[in-house]
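Chain by chain, the residues:
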Amino acid sequence: MKSKYTSLWAILASVFLVVTIISFVGDITIWGWKIKKAPIADMLTAPFESQEDKEHKELQRREVAMQKEKALEVKIDSMPKNFLIFGDSMSENIALRLAAYAAQNGHKLHTVNWDSSGTRIWASTDTLSYFINRYKPDFIFVTLGSNESFARNVDHYRSYVRAILEKLGDIPFIWIGPPSFKEEHGFNDMLLEELPAGTFFRAHGLELERRRDKIHPTVKAAAYEVDSLARWMRHSAHPILMDVPADSLSNTKIKDIGIIYLKAMH
């Protein structure tokens, strides 16, 4: 006698089979939309790692991180810079304080805020290349990772980070890490591993007051974050003039810095 669930199990098995087959083929696009595939192929073809292998790899990662986080001794570049800061919604209040630093030190600032964006979107579109060509920046700040930092398979994002680095080319940059508001699973460590020494500012761990959404730092907290960044930059790969803004410059408003807002992609 057939179980009343036999047909249901058959349908589920068929769906799983189709999803598994699709995960092994190349990118699939339907009517201009790229289908996001399940990482089944990656899981099935990934080499077996013993616990000992995993612990050894983790030890190597920690050693690399310790070397990359050492303070560098690089001469400060005193020339005025043309800033571009781009990234997710965290970039707005960071840009607000960064604008005060720009005004204090003779730099110019352009900001592109793309709500809900992450490394995948910036890596797979020509948006970054467009704004680099438009503004011709000679110094870039990246604020990406807040919408991806709680992913468990952080290795999935390495290729996106590398693609963004290719787009940046030889333009000096600092990647401001996501100010995570809960436990993450190695996303910041992955960024540290992929980025050149002295270019990654780890904001995770800073005690930051949050807005009502419990996610985004307040204007005051973002200012503290940028002040911390400015102090750290003295020993980064690209130290530039970042003297603390005068009090008269601390009242900069969002409307005064000309942020370009891009629509969220879902």
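Heads up: the structure comes first, above all this text.
Keep in mind that this is a model prediction, so the values were computed, not measured.

**What about helix 8 (residues 187-194)?**
Here's step 1: In terms of burial, helix 8 is a largely internal element, seven of the eight residues being buried.
Here's step 2: Within helix 8, burial applies to F187, N188, M190, L191, L192, E193 and E194.

**A word on the sheet that holds strand 5 (residues 139-143)**
Here's step 1: Overall, parallel pairing links the six strands, which are arranged 7-6-5-3-4-8 in an open sheet. The open sheet has two edge strands with one neighbour each: strand 7 (200-201) and strand 8 (260-262).
Here's step 2: Lying over the sheet, helix 4 (residues 91-105) contacts strand 3 (82-87), strand 4 (108-114), strand 5, strand 6 (173-176) and strand 8, oriented at roughly 180 degrees with respect to strand 4.
Here's step 3: Across the sheet, helix 7 (residues 158-168) lies against strand 3, strand 5 and strand 6, angled at about 150 degrees from strand 6, the strand it touches most.

**Quick word on the environment of V154**
Here's step 1: Of note, V154 is situated in the loop between strand 5 and helix 7.
Here's step 2: Distance from V154 to D189, taken between C-alpha atoms, is 9.2 Å for residues 35 residues apart in sequence.
Here's step 3: With sequence-adjacent residues up to four places away left out, V154 is seen in contact with H185, G186, F187 and M190.

**Overview of the packing of helix 7 against helix 8**
Here's step 1: For the pair helix 7 and helix 8, the least separation of the axes is 10 Å and the interaxial angle reads 40 degrees. In terms of axis orientation, helix 7 runs oblique to helix 8. Handedness of the helix 7/helix 8 crossing: right-handed. When helix 7 is examined against helix 8, the residues R158, V161, R162 and L165 are found in contact with a partner set consisting of M190, L191, E193 and E194.

**Looking at the packing of aromatic side chains**
Here's step 1: This model, assessed by the stated rule, comprises 10 aromatic pairs.
Here's step 2: Relative to W122, the ring of F86 has its centre 4.7 Å away and its plane inclined at 50 degrees; by these criteria the two rings are tilted. Separated by 36 residues along the polypeptide, F86 in strand 3 and W122 in helix 5 (residues 119-124) bring together distant segments of the chain. Per residue, the accessibility class of F86 equals that of W122, and both read buried.
Here's step 3: Through a chain of ring-to-ring contacts, three or more aromatic side chains come together here, namely F83, F139 and F141.

**Overview of unusual backbone geometry**
Here's step 1: Even without glycine at this site, S116 takes up a positive phi of about 65 degrees.
Here's step 2: Of note, K136 is a non-glycine position whose phi angle comes to about 50 degrees, a positive value.
Here's step 3: Relative to the helices and strands, K136 resides in the loop between helix 6 (127-135) and strand 5.
Here's step 4: By relative accessible area, which is 59% here, K136 ends up exposed.

**What to know about helix 4**
Here's step 1: For helix 4, spanning 15 residues, the distance from its first C-alpha to its last is 20 Å, which sits close to the expected 21 Å at 1.5 Å a residue.
Here's step 2: Two residues or fewer after helix 4 comes G106, characterised by a positive phi angle close to 80 degrees.

**Details of empty space enclosed by the protein**
Here's step 1: A full pass over the atoms with the stated rule returns two cavities of 30 Å³ or more.
Here's step 2: In this structure, the largest cavity is lined by S89, M90, N93, I94, R211, H216, P217, A222 and E225.
Here's step 3: Elements with a minimum of two residues in the lining of the largest cavity: helix 4 and helix 9 (219-233).
Here's step 4: Residue composition of the lining of the largest cavity, grouped by class: four nonpolar, three polar and two charged.
Here's step 5: Reported here for the second largest cavity is a volume of approximately 30 Å³.

Criteria and thresholds
Residue numbering note: each chain is counted from 1, following its sequence as written. Note on the predicted model: pLDDT of at least 70 is required for a residue's local features to be given, and 80 or more for side-chain atom pairs to be given and counted; whole-chain, interface and lining totals, by contrast, use all residues. The side-chain values count all of the structure's non-hydrogen atoms but skip hydrogen atoms and water molecules. For every residue, the accessible area obtained with a 1.4 Å probe (protein chains only) is divided by the maximum for its type, and the residue is called buried under 20%, exposed over 50%, and partly exposed between those limits. What counts as a helix is a DSSP run of H or I of at least four residues, what counts as a strand is a run of E of at least two, and both are numbered from the N terminus. For two strands to be treated as a pair, DSSP must find at least two bridges joining them. Contacts are assigned to residue pairs that have any heavy atoms within 4.5 Å of one another. Lines fitted to the C-alpha atoms define the axes, with helices restricted to the stretch that makes contact. Angles between their N-to-C directions range from 0 to 180 degrees. To sort the angles, those under 35 degrees are grouped as roughly parallel, those over 145 as roughly antiparallel, those from 65 to 115 as roughly perpendicular, and the leftovers as oblique. Each crossing gets its handedness from the near helix: less than a right angle anticlockwise from the far helix is left-handed, clockwise is right-handed. The aromatic pairing rule takes the rings of Phe, Tyr and Trp, using the six-membered ring of Trp, and pairs them if the centres are within 6.5 Å, calling planes under 30 degrees apart stacked, those over 60 edge-to-face and the rest tilted. One fewer than the residue count of a helix, multiplied by 1.5 Å, yields its expected span. For each structure, a 1 Å grid was placed over the protein atoms alone; sets of points admitting a 1.4 Å probe that cannot get out are labelled cavities, open sets with protein on both sides within 12 Å along at least five of seven lines are labelled pockets, and lining residues have an atom within 4 Å of a point. Grid points are joined across faces, edges and corners, and a volume is the space filled by probe spheres set on the points. Polar here means any residue outside two lists: the nonpolar Ala, Val, Leu, Ile, Met, Phe, Trp, Tyr, Cys and Pro, and the charged Asp, Glu, Lys and Arg; Gly therefore counts as polar.

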